[in-house]
Amino acid sequence: MAKKKNENFLDYIPKRNKLYEWDLNQKNHVEVAVLNRGMYNRIAQLLFHKPKISKIELDEFGSFIWQEMDGIKTVYEIGNAVKSKFGKKAEPLYERLCEYIRILHNNRFIVYENKK
């Protein structure tokens, strides 16, 4: 039986998924464009005039983190940048950062550059 190698989440390298376009709005927050696909979304677009593309606005922390995820920096390095910019406002830093990055990954907004 092969032994599972110990992995440290702080060594992961997150990268924005190229399938999602994004831009900065007037408040300098990141807005991620999400295409609403599928039968239910199509029905909602026709019947309730729902938009074909939704824009998800990230807050100040999320916008900063999003822009730091360049496919080069590790989660640890991103955490250091967050700490430098926000100081104590970011605490508990790594718990919040890791959970935020996991949520982005689970929703396919990011991929891990060094993971298969």
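Located above this text is the structure these notes cover.
This section reports on the structure supplied with the text. Keep in mind the model is a prediction, meaning the values are calculated, not measured.

Our focus in this paragraph is the overall build of the protein. Of regular secondary structure, the protein possesses four helices and five strands. Along its sequence from the N terminus, the protein presents helices and strands in the succession β-β-β-α-β-α-α-α-β. Expected size for 116 residues packed as a compact globule is a radius of gyration near 13 Å; at 17 Å, the protein overshoots this value by more than 25%. For the protein, buried positions account for 34% of its 116 residues. Sequence separation of 24 or more characterises 61% of the internal contacts of the protein that already satisfy a separation of 6 or more. About 8700 Å² of surface is accessible on the protein, with carbon and sulfur atoms providing 52% of the total. The averaged location of the 15 negative side-chain charges in the protein is 6 Å from the averaged location of its 22 positive side-chain charges.

For the rest of this paragraph, the subject is the side chain of Ser 63. With respect to the helices and strands, Ser 63 occurs in helix α2 (residues 60-68). On the accessibility criterion, Ser 63 (2% relative accessible area) is buried. If we ignore the near neighbours within four places in the chain, the residues touching Ser 63 are Asn 28, His 29, Val 30 and Leu 58.

Once that is clear, we can look at a nonpolar patch on the surface. A cluster of nonpolar side chains, Met 39, Tyr 40, Ile 43, Leu 46, Leu 47 and Phe 48, forms an exposed patch at the surface whose accessible area comes to about 740 Å². Checked against the element boundaries, Phe 48 lands in helix α1 (residues 39-48).

Before going further, it helps to spend a moment on the pattern of salt bridges. For the coordinates displayed, the defined rule picks out four salt bridges. Salt-bridge contacts for Glu 57 lead to Lys 27; the nearest nitrogen and oxygen are separated by 3.0 Å. Placement of Glu 57 in strand β4 (residues 53-57) and of Lys 27 in the loop between β2 (22-24) and β3 (30-35) is noted, with a sequence separation of 30 residues between them. Using a relative accessible area of 56% as the deciding quantity, one classes Lys 27 as exposed. For Asp 70, the salt bridge identified is with Lys 73, shortest N-O distance 3.2 Å. Connected through salt bridges with shared partners, the residues Glu 68, Asp 70 and Lys 73 form a single ionic network.

Turning next to the environment of Arg 102. Tracing the sequence through the fold places Arg 102 in helix α4 (residues 93-106). Considering only alpha carbons, one finds Arg 102 and Pro 14, 88 residues apart in sequence, at a separation of 9.8 Å.

With that settled, the discussion passes to the nonpolar core. With 26 residues, the main nonpolar core has Trp 66, Met 69, Val 82 and Ile 101 as its most contacted residues. Among the secondary structure elements, those contributing two or more residues to this core are β3, α2, α3 (75-86), α4 and β5 (110-112). Among all residues touching Ile 101, those that are not within four sequence positions of it are Phe 9, Pro 14, Met 69, Val 75, Ile 110 and Tyr 112.

What follows deals with the packing of α3 against α4. Direction vectors running N to C along α3 and α4 enclose 125°, while the axes themselves pass 10 Å from each other. Classified by the angle between their axes, α3 and α4 sit oblique to one another. α4 is crossed by α3, and the crossing has right-handed handedness. Along the contact surface, α3 presents Val 75, Tyr 76, Ile 78, Gly 79, Asn 80, Val 82 and Lys 83, while α4 presents Leu 93, Tyr 94, Leu 97, Cys 98 and Ile 101. Considering only residue class, the contact of α3 with α4 consists of nine nonpolar, two polar and one charged.

Cut-offs applied
- Residues numbered from 1 in each chain as written.
- Predicted model: local features only at pLDDT ≥ 70, side-chain atom pairs only at ≥ 80, totals over all residues.
- Heavy atoms only, no water.
- Helix = DSSP H or I, 4+ residues; strand = E, 2+ residues; numbered from the N terminus.
- Rg over C-alpha atoms; globule rule 2.2 N^0.38 Å.
- Buried < 20%, exposed > 50% of the residue type's maximum accessible area, 1.4 Å probe, protein only.
- Contact = heavy atoms within 4.5 Å.
- Areas by Shrake-Rupley, 256 points an atom, 1.4 Å probe, with all protein chains shown as cover.
- Lys, Arg positive; Asp, Glu negative; His and termini not counted.
- Charge placed at Lys NZ, Arg CZ, Asp CG, Glu CD.
- Patch = residues over 30% accessible without salt bridge, like charges linked within 9 Å, V, L, I, M, F, W, Y side chains within 5 Å.
- Salt bridge = Lys/Arg side-chain N within 4 Å of Asp/Glu carboxyl O.
- Core = buried A, V, L, I, M, F, W, Y, C linked by side-chain atoms within 4.5 Å.
- Axes fitted to C-alpha atoms, helices over the stretch in contact; angles between N-to-C directions.
- Parallel < 35°, antiparallel > 145°, perpendicular 65-115°, else oblique.
- Left-handed = near helix turned anticlockwise from the far one by under 90°.
- Nonpolar A, V, L, I, M, F, W, Y, C, P; charged D, E, K, R; others polar.

All we've got here are geometric facts, nothing functional implied.
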